[in-house]
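# Observations on the model geometry
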Amino acid sequence: MKRKEILIIAMLFLIGGFSVQAQKYATKTGVIRFYSEAPAENIEAFNHQVNSAIDLNSGDFVFRVLMKGFQFEKALMQEHFNENYVESHKYPNATFVGKVSNLSDIDLSKNGTYDAEVSGNMTIKGVTKEVIEKGVFEVKDGLINGKSTFYIQLADYDIKIPRTVVKNISETVEINVDVSLSLLNN
Amino acid sequence: MNKWIKIMLILVAMGAVGAVIGYVFVYNKSHPDFEKKKADFTLTAEELFKFYRSDQASAELKYNGKVVEISGVLSEIESIYDLTIAVFVLDKGLFGKEGIRISMLENHQEKLKNTPQGAVVIIKGFVTGYNETDVVMEHGSLIN
């Protein structure tokens, strides 16, 4: 599916899913950490300007990440990540469009800590995969903090590691998500 | 000294110099100095935002990954974690305010915080892209 089509579907999904009365929570400063542990070196990168939103009525949950926003310790790693691996010039965004599957078991309008299951479509480098991941929502005084740690296989998203650097980059990378969502006042 | 030993020593020395150069200038090269980097483009915040809105594909090709200097009315300053973000609000959408968001370089954070909201400012930064709500920039420096 082309990127434009995915974006249009995502937007229709959102417009359809977010009713007028919906309690929408969102952030533009979500954090995503990327971590690769390999024999030769460990690679870590952070993106601090991640868009995310959740609709408490429907459980719709979305992310949008700009790939060029990942900051690496080494400039060379950042260059390789953008130019060779995720090809951010062709695929500038990564997205997740899904739902909190166990919304009926949790009440995100009340203070507390809730285990959540999130399922949906993750798109990286133009490749969309269905994913189901676990996470935790902590609700405190009107703020919803969502955290999740999961792993992705780079090959699933058509990210190829050249043989020459196979000891430098893990085939499976750890992703940490940390978002503090506040009520949207439209 | 044996001729071959001399050649071997020279080759080893050349290899060592090459390795050091490779480590310092390639593997361990520093990130660009975005404060000193010359802007690839200069335009108003509104022009940049409108371009992404009207023709996203062309705007991405032209501006993503480039250093851009924009001018406009500073709408808000956000502080979160160790970030200070300059916000140019230019529209309102499904997810609230939309426009341009620039995460500032550490040495420009105080300068921005001391700038009154509503002031006309010029900020230079690295464009990471458009996320359907905002044009996002990093490594911002306040020019004026």
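Values in this document were obtained by computation on a predicted structure and should not be read as measured data. (Residues numbered from 1 in each chain as written. Chains lettered and ligands numbered in written order. Predicted model: local features only at pLDDT ≥ 70, side-chain atom pairs only at ≥ 80, totals over all residues. Heavy atoms only, no water.)

### Description of the overall build of chain A
The helix and strand tally for chain A stands at 2 helices and 9 strands. The helix and strand sequence of chain A, counted from the amino end, reads α-β-β-β-β-α-β-β-β-β-β. A buried classification covers 54% of the 186 residues belonging to chain A. Contacts in chain A between residues far apart in sequence, at least 24 positions, make up 60% of those at least 6 positions apart. Surface summary for chain A: the accessible area is close to 9100 Å², and the carbon and sulfur share equals 52%. (Helix = DSSP H or I, 4+ residues; strand = E, 2+ residues; numbered from the N terminus. Buried < 20%, exposed > 50% of the residue type's maximum accessible area, 1.4 Å probe, protein only. Contact = heavy atoms within 4.5 Å. Areas by Shrake-Rupley, 256 points an atom, 1.4 Å probe, with all protein chains shown as cover.)

### Let's talk about the overall build of chain B
Within chain B, the secondary structure is distributed over 4 helices and 7 strands. Along chain B, helices and strands appear, N-terminal first, in the series α-β-α-α-β-β-β-β-α-β-β. The C-alpha radius of gyration computed for chain B amounts to 22 Å, which surpasses the reference 15 Å derived for 144 residues by more than 25%, pointing to a less compact arrangement than a globule. With the C-alpha coordinates aligned to their principal axes, the bounding extent of chain B is approximately 80 × 35 × 25 Å. Within the span of chain B, comprising 144 residues, buried residues form 41% of the whole. Partitioning the intrachain contacts of chain B with sequence separation of at least 6 by distance along the chain shows that 61% fall at a separation of at least 24. Accessible area of chain B: about 7900 Å², with a carbon and sulfur share of 60%. (Rg over C-alpha atoms; globule rule 2.2 N^0.38 Å.)

### Description of the interface of chain B and chain A
Across the boundary between the two partners, chain B contributes 37 residues, which contact 36 residues of chain A. Carbon and sulfur atoms make up 56% of the surface buried where chain B meets chain A, a total of about 3000 Å² over both sides. Taken as a group, Y27, L94 and F95 of chain B account for 23% of the area that chain B buries against chain A, more than any other trio of residues on that side. Our enumeration of links across chain B and chain A arrives at 2 salt bridges. The residue D134 of chain B makes a salt bridge to K28 of chain A at a minimum N-O spacing of 2.8 Å. Scanning the region where chain B abuts chain A turns up 10 residue pairs in polar contact (both at pLDDT 80 or more). When its residues are assigned to classes, the side of chain B that touches chain A shows 13 nonpolar, 14 polar and 10 charged. (Buried area = accessible area lost by both parts, 1.4 Å probe. Salt bridge = Lys/Arg side-chain N within 4 Å of Asp/Glu carboxyl O. Polar contact = N/O pair within 3.5 Å; in protein donor to acceptor, adjacent residues only side chain to side chain. Nonpolar A, V, L, I, M, F, W, Y, C, P; charged D, E, K, R; others polar.)

### Structural notes on the domain arrangement of chain B
By the assigned domains, chain B splits into domain 1 (1-30) and domain 2 (41-142). The C-alpha-based centres of domain 1 of chain B and domain 2 of chain B are spaced at 46 Å. (Domains from an automatic or database assignment.)

### Thoughts on the sheet that holds strand 4 (residues 83-93) of chain B
All names here are of chain B. Here we have 7 strands laid out as an open sheet, ordered 1-2-6-7-5-4-3, and mixed in their pairing. Strands at the two margins of the open sheet, each flanked by one partner only, are strand 1 (41-44) and strand 3 (76-80). Strand-to-strand, the axes of this sheet are offset by a mean angle of 35 degrees, without reference to chain direction. Where strand 3 meets strand 4, 5 bridges bridge the pair, whose relative direction is antiparallel. Residue pairing in the sheet places E78 in a bridge with I85 of strand 4. (Pairing = 2+ DSSP bridges. Axes fitted to C-alpha atoms, helices over the stretch in contact; angles between N-to-C directions.)

### Looking at the nonpolar core
In terms of nonpolar packing, the biggest core is built from 45 residues, with F34, I54, F70 and L108 of chain A touching the most fellow members. Counting 23 residues, the second-largest nonpolar core is a separate cluster that includes F49, L74, A86 and V121 of chain B. (Core = buried A, V, L, I, M, F, W, Y, C linked by side-chain atoms within 4.5 Å.)

### Some thoughts on the packing of aromatic side chains
In the structure shown here, the tally under the stated rule is 12 aromatic pairs over all chains. Between F61 of chain A and F137 of chain A the ring centres are 5.7 Å apart and the planes differ by 65 degrees, which places this aromatic pair in the edge-to-face class. Within this pair, whereas F61 of chain A is found in strand 3 (residues 60-66), its partner F137 of chain A is found in strand 7 (residues 127-140), the two being separated by 76 residues in sequence. You'll find F61 of chain A and F137 of chain A in the same group, each marked buried. Taking the centre distance of 6.3 Å and the plane angle of 35 degrees together, the rings of Y52 of chain B and Y63 of chain B count as tilted. (Phe/Tyr/Trp six-rings, centres within 6.5 Å; stacked < 30°, edge-to-face > 60°.)

### Some remarks on the environment of E47 of chain B
All names here are of chain B. Inspection of the secondary structure puts E47 in helix 2 (residues 45-54). A relative accessible area of 46% places E47 in the partly exposed class. It is 16 Å that separates the C-alpha atoms of E47 and E132, two residues lying 85 residues apart in sequence.

### A word on the pairing of strand 3 of chain A
Taken residue by residue, a regular strand's side chains alternate between the two faces of the sheet. Residue and element names in this part refer to chain A. Counting buried positions along strand 3 yields 7 of 7 residues, so the element is predominantly enclosed. Here strand 3 shows a buried face lined by D60, V62, R64 and L66 and a second buried face lined by F61, F63 and V65. Bridge count for strand 2 (residues 42-55) against strand 3 is 4 bridges, and the pairing is antiparallel. Within strand 3, the residue paired with I54 across the bridge is F61.

### Some thoughts on helix 2 of chain B
Residues and elements named next belong to chain B. Of the positions making up helix 2, those classed as buried are A45, L48, F49 and Y52. For helix 2, the buried positions fall inside an angular range of 95 degrees around the axis, keeping them on one side. Exposed positions of helix 2 whose direction lies more than 90 degrees from the buried face are K50 and S54. (Arc of directions from axis to C-beta.)

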